[in-house]
Structure formats: structure tokens, C-alpha cells
Amino acid sequence: MRLSVSAAVLLSAAAYYVYLPLPPGVCEPWKLMLLDALFRSFMSAGELLHGLGVLHRVHLLNRLVSLVEEVPPRSSPALLVTDSALSGVPARVFRPRGGRALKRGVLYFHGGGWALGSARMRSYDLLCRKMAEDLDAVILSVDYGLAPESVFPAQYVDALSASRSFLSSETWSRFGLDPDRLCISGDSAGANLAAAVTQTLCSDPSLRSCPRLQALVYPVLQALDFQTSSYQQNRAVPILYPPVMARFWLQYLDADPLLEPSMLQNQHSAALDPDTRAKINWTALLPAHVRKHYLPVGVAGGGDSGAGLAPVFLDVRAAPLLADEAVLSRTPRAYILTCEFDVLRDDGLMYARRLLDAGVTVTSDHYHDGFHGCMVFAHLPMMSSVGRRSLDGFIRWLDQNL
Ligand SMILES: *[C@@H]1O[C@H](CO)[C@@H](O)[C@H](O)[C@H]1NC(C)=O
């Protein structure tokens, strides 16, 4: 009797910890709640040890993740998997053993807020294996430096060095790549790096090779408006809450952590010049059915960018959405995956709109029941159907366009 009472109490406590009211329409809400509870536990443990001065919160998270998640480069009958490097930047390389003589190639940047994650993580390892097998392509998954040791522009510089190497004849012959069939890709903060380096590579007249494709999975692209309609709509939706995204940005940009509250209210960007404002004006860039009833916050029009705002917030290498149309127009055919239940939805949709306006061919793949991270968590026990569908859609697009 006493046992079953304790069990009931424990079970209710667990349910209370896990339960979250989620908006209707999210794919398999209980799985998302479990994923969120897992993240929250990691985060709380991190905060606790950080507070006690034992470990930086990011180090704890990364240590936990590598303990649970890191896998060695295991080859299979179908794939040769090795830990290698591109211009000194570590990368895990997945090479199909049979198939075409000259392979298509994808350079992939993992997500994790420029601070977490790794190509050696089980989820990214599995993602790249699947891409390599399904596409008969060579996948190079890059381990760029992470915050807090690396801060902007270090991640971008690593990503750019790896990309330049990916687009060099030396790498083509080393891995048997077809130079006309290369794609730069990534998810979340990795998609930020993919977008930024693609702009740089395709603007650089000295480098004739710009990749054939860019594929961006729920990209993060700007740090000026934390009240876009998707930030407002999804402020309480796991797993990427607005303060978490703001902290990732502040850490990446090496800015004052005390900026967080004012940044979440857009006070940091209240005075922007009209030109910059227009590049992130979701009232103009997104259709009404996407914006719904949400209204802009703290964007009182004219001003002089720079008044109090650290210049790094306006650096296009950190915020690719702020690029000029001429730069966008030189970038290749694009795939942009967005999720309805994601604060970053509007970052991706605005970028899709701006690329289209610049004359780029864009496939905008929107998942009405998707949430941030769903494609990469497609392998966890709490794998969701939207995770599977988005992964299949991403691979299908690559197969048809690369
Ligand atoms: C954004 O675009 C809308 C529609 O074109 C316009 O009315 C509004 O003034 C713009 N907002 C800013 C802050 O520029």
C-alpha cells in the first residue's frame, strides 16, 4: 500500500515536472514535453554548478552531452567514416564505399547556439550517415570552435576556412568530390554559419567556386528583433525559449550578459537606420497569415544605427539577414526549412523572402506542426513524426537539386 502511494506521488511529481501547456497543433506534444524536461534538467544542473563556481554551465552541458552522446567514427560496409580536418578545422567525414565515382558533397555545420554540439554527437553522426547513404554523397561535418572559448568571429572564421578547403581542388581529389555538385548546409546556429560563409564565398571575386546549393534548417539569422511574430507566438514553446536564444547570441557576440532583458524587449535596437530596419521588417516581409495578430514591439522607426548598439550586432557575418540585396543575389539556389512552433521561424521566412526578392530560387519548406530542433532529434526515443518528415523532405530536396 505504502509503496503504491509513494509511486503515485512520484509519478504525479514527474508528470508535473514534465507537463507543459503547449499550443494546439504541435506534433506529438508529450514527446516534446519529455525532450524539454530533459533539457531543463541539464540546464538546471548547469546553472547550479555554474552558480557554485564548479564549472561553466556550457562546459557541464557539453561534458554531459559527450558522455551520453559522443560516438567514435565507426565505419560500416556501406560507409568509410573518419575523423579528419579541413584546413586544420576538425571534421568527421562520411564516404560511401561504392556508388558513383565522383560524389556529390555536403559540408555540414551542426547546431547548438555556437556553444554546444559536435559532429561526434550521436544525433549528428546518425544524420550525416543517413545523408551519405541515401544520397551516395560525401558528407563533411565540421567541428568549428565553440563558445565560451571561441567567440565571434572565431566560429565564422573556422566555418569559412573549412568551406574554402571544401571548395578547393585539393579536397575534391582527396575525397573524390564532383566540384559542380557541392552544398553548404547546417541547422540552427550551424545554418547561421552556412548562410554567412555562403554570402562571403559567393561575393569573393577571387574565388570562382561558389557552391551549387545552400540548405538552411531552422536558421538563426539576426539579433536585432526578439519580438518578431514567431518570438511572440512561441515565447513559451520548448526547447528554444527567447532568453535561451538571447544568451546564446550574447555569448557568441561576446557582449555584456546584462543586456539580456533589454534585448528581449528590443531596447538595444530601438534606434536603427531605415535601411537596416527594412531588412528585418517582418510586417512588410511576411504575409498576414504568418504574422497573425502580432504587432511590432520597440521598433519606433527612424534613427541612427549605432547609438548604444555594439557594432557586432550589425555585422552581416554574424547576422546574414542584414546582407544587402546585391550580396544575396549572388548566392546559390536555397532550401530553407522552418517550423511553426519555433521562435526562429520568422528569421528563416524573412530570409527566404529576401532571397526571392534578390532573384534567388528558393524552396521554403514550412512544417506547420514542427518545433525547433525536430529534424536532428529524429533519432532519439522521443523521435517525432515531424522529425522524420522534415528529415525526409530535406534529403529529398538535396537528392533532387544537388
Ligand atoms: C515596415 O513595413 C510596413 C509595411 O510596408 C511599414 O508600414 C512600416 O512603417 C515599416 N516599419 C518600419 C519600422 O520601418
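The structure this text deals with has already been given above.
Now for a look at the structure at hand. (Residues numbered from 1 in each chain as written. Predicted model: local features only at pLDDT ≥ 70, side-chain atom pairs only at ≥ 80, totals over all residues. Heavy atoms only, no water.)

**Structural notes on the nonpolar core**
Working step 1: Judged by nonpolar contacts, the single largest core of 133 residues is most densely connected at Phe109, Met131, Trp249, Phe313 and Phe394.
Working step 2: It is helix 7 (residues 189-203) that provides the largest number of residues to this core, a total of eight residues.
Working step 3: Excluding anything up to four places from it in sequence, Trp249 contacts Trp114, Asn192, Val220, Leu221, Gln222, Ala223, Phe226, Met263 and Ala318. (Core = buried A, V, L, I, M, F, W, Y, C linked by side-chain atoms within 4.5 Å. Buried < 20%, exposed > 50% of the residue type's maximum accessible area, 1.4 Å probe, protein only. Helix = DSSP H or I, 4+ residues; strand = E, 2+ residues; numbered from the N terminus. Contact = heavy atoms within 4.5 Å.)

**Considering the environment of Asp369**
Working step 1: Note that Asp369 resides in strand 8 (residues 362-371).
Working step 2: The class for Asp369 is buried, based on a relative accessible area of 17%.
Working step 3: Separated by 138 residues in the primary sequence, Asp369 and Tyr231 have C-alpha atoms spaced 16 Å apart.
Working step 4: Not counting the four nearest positions on each side in its chain, Asp369 is found in contact with Gly25, Val26, Cys27, Phe341, Val386 and Arg389.
Working step 5: Reaching out from Asp369, the side chain makes a polar contact with the side chain of Arg389 at a distance of 2.8 Å. (Polar contact = N/O pair within 3.5 Å; in protein donor to acceptor, adjacent residues only side chain to side chain.)

**Focus on the state of the cysteines**
Working step 1: One pass over the structure, following the stated rule, counts one disulfide.
Working step 2: Each disulfide pairs two cysteine sulfurs, and for Cys202 the partner residue is Cys210, the sulfurs being separated by 1.9 Å. Between Cys202 and Cys210, the S-S torsion sits near 80°, and that sign places the bridge as right-handed.
Working step 3: Overall, Cys202 belongs to the buried group, its relative accessible area being 10%.
Working step 4: Cys128 takes part in no disulfide bond, and the closest cysteine sulfur, belonging to Cys183, lies 12 Å away.
Working step 5: By relative accessible area, which is 0% here, Cys128 ends up buried.
Working step 6: Considering cysteine sulfurs only, Cys210 is the nearest to Cys183, which forms no disulfide, with 11 Å between them. (Disulfide = S-S within 2.5 Å.)

Scope: geometric values only; no functional claims are made or implied.
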